[in-house]
Amino acid sequence: MIGKDIEIAQKYLQEGALVGIPTETVYGLAGNALNPEAVAAIFKTKQRPSFDPLIVHCDSIEKVKAYTSEFPEMAEQLAKTFWPGSLTMILPRSEQIHDLVTSGLDTVAVRIPRHAFTLELLSKLDFPVAAPSANPFGFVSPTTAAHVEQHLGHLIPYVLDGGACEVGVESTIVGFPDGVPTVYRKGGISVEDIEAVIGNVVVREHSSSQPTAPGMLKKHYSPGIEMHIVEDIQEALVSFEGQKIATVTLDKSVEDLPEEQQFLLSPSGDLSEAARNLFQTLRTLHEVQPDVILVELVPEKGLGLAINDRLRRAAAK
Ligand code: TXA
Ligand code: MG
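- Naming follows an unreviewed UniProt entry, where the chain appears as Threonylcarbamoyl-AMP synthase of Algivirga pacifica.
- According to the UniProt record, the Sequence similarities (unreviewed entry) comment for the chain reads "Belongs to the SUA5 family."
- The record held by UniProt for the chain lists under Subcellular location (unreviewed entry) the comment "Cytoplasm".

Rendered as structure tokens:
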């Protein structure tokens, strides 16, 4: 069921059930992070391999500190600047956090999301919630309650509807291995914005523990149709003559191609709007039944890094 009732979501979570929750990045599949059965149910519901750890969500820095055992100065600065917001930090975990949540790692991923419903929900709970993106394993992350309902609705009792996600791509993940600030996943907060606060960071795009962790898998977000990244879409068209083409660009229209086969992420060239539209576009592309999808990457700056990362993974073979 989809609804806007925070107390219903609260009740289900307190009972150990799973609930779809809105965040500013993507919708999460939430369960009581301190309840091993609820955490196990998250993995089962998503069909997620158990070696891929979950993010723990709280509504205040004080609560985050209860679930971490160290909070370095750089983490402090990032938390003050970006929380609530699209930043996840990997920090040493406290004893309260179960092995199931972290897949046995001694670090835990923590985040304060920026969504009024979910912040209110979290403030009413006496436990944090573990929440991966609310999509079946390997599928595009959901950016509306309807997306969650479509794929997981038959498996969970409630999806809290907080509208379409404001950011549209997942959080940026930052860790501090050996004290070195390291970006593990490009996301809703740009690397430039993070560097403006703590100086240079290393970008190492796989999980600290498991290079094969699904969120980091080369092939992810796949629309299930042959997809190519091309330099210039107009020029590339000739190589696919006779095939039905769909195109994805930031703001470029393509000549001699029906309009409904063209997906412009942001007609005005705005990267924030493009991020918001990205997953919806990857979900609906197949409806025009193309043989091939041609993609032109967006400018490689700011949010464009996260957008291009998702596009490359969607196109990976
Ligand atoms: O925006 C988001 O982060 C969304 C919303 C719901 O908060 N959540 C999300 O979760 O994208 P998920 O599970 O789809 O991606 C979390 C990523 C995974 O790739 C996982 O490998 C990584 O975080 N991760 C979690 N704990 C980790 C740890 N201790 N060390 C390294 N990577 C970790
Ligand atoms: Mg995910």
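What about the overall build of the chain?
Here is step 1 of the chain: Broken down by element type, the chain carries 11 helices and 15 strands.
Here is step 2 of the chain: Computed over the C-alpha atoms, the radius of gyration of the chain is 19 Å, within 12% of the 20 Å expected from 2.2 N^0.38 for a compact globule of 317 residues.
Here is step 3 of the chain: Principal-axis analysis of the C-alpha atoms gives the chain an extent of 60 × 45 × 30 Å.
Here is step 4 of the chain: The burial tally for the chain puts 46% of its 317 residues in the buried class.
Here is step 5 of the chain: A fraction of 66% describes how many contacts in the chain between residues 6 or more apart in sequence connect residues 24 or more apart.

Overview of the domain arrangement of the chain
Here is step 1 of the chain: Domain annotation for the chain reports domain 1 (2-167) and domain 2 (226-315).
Here is step 2 of the chain: Each of domain 1 and domain 2 was reduced to a C-alpha centroid, and the two centroids are 30 Å apart.
Here is step 3 of the chain: If you look at the interface, domain 1 gives 4 residues, while domain 2 gives 5 residues.
Here is step 4 of the chain: Here the side of domain 1 that touches domain 2 is composed, by residue class, of 2 nonpolar, 2 polar and no charged.

Concerning the packing of helix 4 (residues 73-82) against helix 8 (residues 191-198)
Here is step 1 of the chain: The N-to-C vectors of helix 4 and helix 8 enclose an angle of 120 degrees; their axes lie 10 Å apart at closest approach. With respect to their mutual orientation, helix 4 and helix 8 come out oblique. Crossing handedness for the pair helix 4 and helix 8: right-handed. Residues M74, Q77, L78 and T81 of helix 4 pack against I194, V197 and I198 of helix 8.
Here is step 2 of the chain: Looking at side-chain class alone, the contact of helix 4 with helix 8 contains 5 nonpolar, 2 polar and no charged residues.

Considering unusual backbone geometry
Here is step 1 of the chain: Put simply, W83 and P84 share a cis peptide bond, and its omega is -5 degrees.
Here is step 2 of the chain: Assignment of secondary structure puts P84 in the loop between helix 4 and strand 5 (87-92).
Here is step 3 of the chain: In this structure, D178 is a non-glycine residue whose phi angle is positive, near 50 degrees.
Here is step 4 of the chain: For D178, the position within the fold is in the loop between strand 9 (172-175) and strand 10 (182-185).
Here is step 5 of the chain: According to the C-beta neighbour criterion, D178 is exposed, with 5 such atoms within 10 Å.
Here is step 6 of the chain: For Q289, which is not a glycine, the phi torsion comes out positive at approximately 50 degrees.
Here is step 7 of the chain: With respect to the helices and strands, Q289 occurs in the loop between helix 10 (271-284) and strand 15 (292-295).

Considerations on helix 11 (residues 304-315)
Here is step 1 of the chain: The end-to-end C-alpha distance of helix 11 is 16 Å, a good match for the 16 Å that 12 residues give at a rise of 1.5 Å each.
Here is step 2 of the chain: Residues L305, A306, I307, D309, R310, L311, A314 and A315 constitute the buried set of helix 11.

Regarding the pairing of strand 3 (residues 28-32)
In summary, the side chains of a regular strand alternate between the two faces of the sheet.
Here is step 1 of the chain: Buried residues dominate strand 3, accounting for 5 of its 5 residues.
Here is step 2 of the chain: As defined by bridge partners, strand 2 (residues 19-21) adjoins strand 3 across 3 bridges and the pair is classed as antiparallel. Across the sheet, V19 pairs through a bridge with A30, a residue of strand 3.
Here is step 3 of the chain: Between strand 2 and strand 3, which pair antiparallel and follow one another directly, the connecting turn spans 6 residues.
Here is step 4 of the chain: Note: strand 3 against strand 7 (residues 129-130), 2 bridges, orientation antiparallel. Bridging across to strand 7, G31 finds its partner in A130.

Rules of the game
- Residues numbered from 1 in each chain as written.
- Chains lettered and ligands numbered in written order.
- Predicted model: local features only at pLDDT ≥ 70, side-chain atom pairs only at ≥ 80, totals over all residues.
- UniProt positions renumbered as here; feature names shortened; annotations may be inferred.
- Helix = DSSP H or I, 4+ residues; strand = E, 2+ residues; numbered from the N terminus.
- Rg over C-alpha atoms; globule rule 2.2 N^0.38 Å.
- Buried ≥ 20, exposed ≤ 12 C-beta atoms within 10 Å, placed from the backbone.
- Contact = placed C-beta atoms within 7 Å.
- Domains from an automatic or database assignment.
- Nonpolar A, V, L, I, M, F, W, Y, C, P; charged D, E, K, R; others polar.
- Axes fitted to C-alpha atoms, helices over the stretch in contact; angles between N-to-C directions.
- Parallel < 35°, antiparallel > 145°, perpendicular 65-115°, else oblique.
- Left-handed = near helix turned anticlockwise from the far one by under 90°.
- Expected span 1.5 Å × (residues − 1).
- Pairing = 2+ DSSP bridges.

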